[in-house]
Structures are given as structure tokens and as C-alpha cells.
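Structural features, examined
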Amino acid sequence: GAVVSQHPSRVICKSGTSVKIECRSLDFQATTMFWYRQFPKQSLMLMATSNEGSKATYEQGVEKDKFLINHASLTLSTLTVTSAHPEDSSFYICSANTGRGMYEQYFGPGTRLTVT
Amino acid sequence: LAKTTQPISMDSYEGQEVNITCSHNNIATNDYITWYQQFPSQGPRFIIQGYKTKVTNEVASLFIPADRKSSTLSLPRVSLSDTAVYYCLVGDYGGSQGNLIFGKGTKLSVKP
């Protein structure tokens, strides 16, 4: 089956620094990847849609200059949280779409970001 | 994308059948119904998808009435490991974006 990995699984950083999270589709090419954020005891919230070779599409209320997304290849998308603050502490999850339909979407294991 | 409504939480005991119902009154003709399972600190996992009537796979069944305004996920003989949050999503199978909008989900607690 399709596998999506994320790295790192956990990261702790100081306020004001930047953190990069990688999302990889291991055994398929993903034309589209999605980034979600999940706060404790809440549902997943879509942050942005990442398309290979083009600019990401951000959801309303998500700062594109703070959450930089790069989808340089069909198997890799990165999310960089710039100038992180404690309120950015969350669980970040990516998913990859095989392009064969909505449900053909596979989720990564998530990255726990803690900003101190 | 159609909005969904699910119970916030459900309790069950090991060995019982659990049915979780989702309402989606404004489902569109092209929309499919998909259920995901999420364990704490993990990404969601696809369970089952259907368009109408009944769909069954090795882990669950999905019942969809003729008007498609609701659906019921059925988990046969649950175990402790089925304790998780279950999300019902409705959207266009062939949508160009394919992004999934998650509702609040149903937290299922299975007790021994």
C-alpha cells in the first residue's frame, strides 16, 4: 500500500527559530500533498494544498509567509514554520494524493512541534 | 464540501457491534462518503468509502440509505484497540483538489 512518511516525528525548538518538516511519499508519486494542523482534542484543520512545481494554496487565516511550503518533487513536500512561537505548538500532519480520487489519500504519521 | 454531523463520543464494550451515524443533509450528487480512523498522535487511516447502499470490507461496513443524507459506520465485535476517533467525510470523488475537510469526529471508547 501507499506509505507517507514525515520527518521529524517530534521537534522542540526555541521561540523565534524556524523548523522544517518533511513529508515524503515512499512508494508512489504524489501530485498533490496537503498539510494539516491538529491542536489537542481538536479535529484536523487543513492549512494548505501543495502542488508539485507550483505555489501552494493556503486556507483562509493561514499565513503563507509564516508557513512556507515547498513541493519540489513528486515525492517530497516541506513545511517550514518560520519564527515559531509557542502558539504554533501543534501536531502537523501531511497527506498525499495519488491523483486517482479523493479517497486515495494517505496520511503521514504526523510531527509534534513544541515551541518553548 | 458537504458538512457532516456526528456524535461527539460513544462508549462500548469489547465484543459488541458499534454503529456510528453521520448526517450529511446537503450531500451532492457527485459526493462520496469516506470514514477515517485516528489514534492519538497518529495520522488518520482510511477505513471505508461508499456512494450508496452497503459497502463491506475486512474491517467495517458502511450503510447508506437511498436518500444518502446519512450514513452508518458499523464495526463488528470491537476490541480495546478500536478505541479511537472516527471521522466521516463527504466530498467529490473526482474533485480536482481532493482536499479533505474534517469535522469533529466521534471519539469511541471501548471498555473491557
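Keep in mind it's a predicted model, so treat the numbers as computed, not measured.

Brief notes about the interface of chain B and chain A
How big an interface is tends to be expressed through the accessible area that disappears when the partners come together. Taken together, the contact between chain B and chain A spans 21 residues of the former and 22 residues of the latter. Between chain B and chain A lies a buried interface of about 1800 Å² when both sides are counted; carbon and sulfur atoms form 56% of it. Run the count over chain B and chain A and you get zero salt bridges. Every element with two or more residues in the side of chain B that touches chain A is listed here: β3 (31-38), β4 (45-50) and β8 (84-92) of chain B.

Points about the pattern of salt bridges
Pairs can form between side chains of opposite charge whenever their charged atoms are close. Tallied over the entire structure, the rule returns three salt bridges over all chains. Close ionic contact of A:R24 with A:E22 constitutes a salt bridge, the shortest N to O distance being 3.4 Å. Taking the relative accessible area as the measure of exposure, A:R24 reaches 34% and is therefore partly exposed. The residue B:D11 makes a salt bridge to B:K111 at a minimum N-O spacing of 3.8 Å. Highlighted residues: B:D11 in strand β1 (residues 9-13) and B:K111 in strand β9 (residues 106-111), separated in sequence by 100 residues.

Let's talk about the state of the cysteines
Here a disulfide denotes one covalent bond, and it connects the sulfur atoms of two cysteines. Tallying each qualifying case throughout the model produces two disulfides over all chains. In this model A:C23 forms its disulfide with A:C94; the gap between the sulfur atoms is 2.0 Å. Its S-S torsion of approximately 80 degrees makes the covalent link between A:C23 and A:C94 right-handed. Pair noted here: A:C23 is in strand β3 (residues 19-25) and A:C94 is in strand β9 (residues 90-97), with a separation of 71 residues, a long-range link. By relative accessible area, which is 0% here, A:C23 ends up buried. Residue classification places A:C94 among the buried residues on the basis of a relative accessible area of 0%. Paired through a disulfide, B:C22 and B:C88 show a sulfur-sulfur distance of 2.2 Å. Taking the sign of the S-S torsion, -80 degrees for the link of B:C22 and B:C88, the bridge is left-handed. Taken as a pair, B:C22 in strand β2 (residues 18-23) and B:C88 in strand β8 lie far apart in primary sequence, 66 residues in all.

Rules used throughout
- The residue count restarts for each chain, going from 1 along the sequence in the order it is written.
- Written order decides the labels, with chains lettered from A and ligands numbered from 1.
- Whole-chain, interface and lining totals are the exception, using all residues; otherwise, since this is a predicted model, local features are given only for residues with pLDDT of at least 70 and side-chain atom pairs are given and counted only at 80 or more.
- Only heavy atoms go into the side-chain values, all of them from the structure, while hydrogens and water stay out.
- We call two residues contacting when some pair of their heavy atoms lies within 4.5 Å.
- Buried area is a sum: the accessible area each of two parts loses on coming together, probed at 1.4 Å, counted once for each and added.
- Salt bridges are counted wherever a side-chain nitrogen of Lys or Arg sits within 4 Å of a carboxyl oxygen of Asp or Glu.
- In this description a helix means any DSSP run of H or I spanning at least four residues, a strand means any run of E spanning at least two, and both kinds are numbered starting from the N terminus.
- For each residue, the accessible area found with a 1.4 Å probe, counting protein chains only, is set against the maximum for its type, and the residue is called buried under 20%, exposed over 50%, and partly exposed in between.
- The disulfide criterion used throughout: a pair of cysteine sulfur atoms within 2.5 Å.

Limitation: the analysis is restricted to geometry and does not speak to function.
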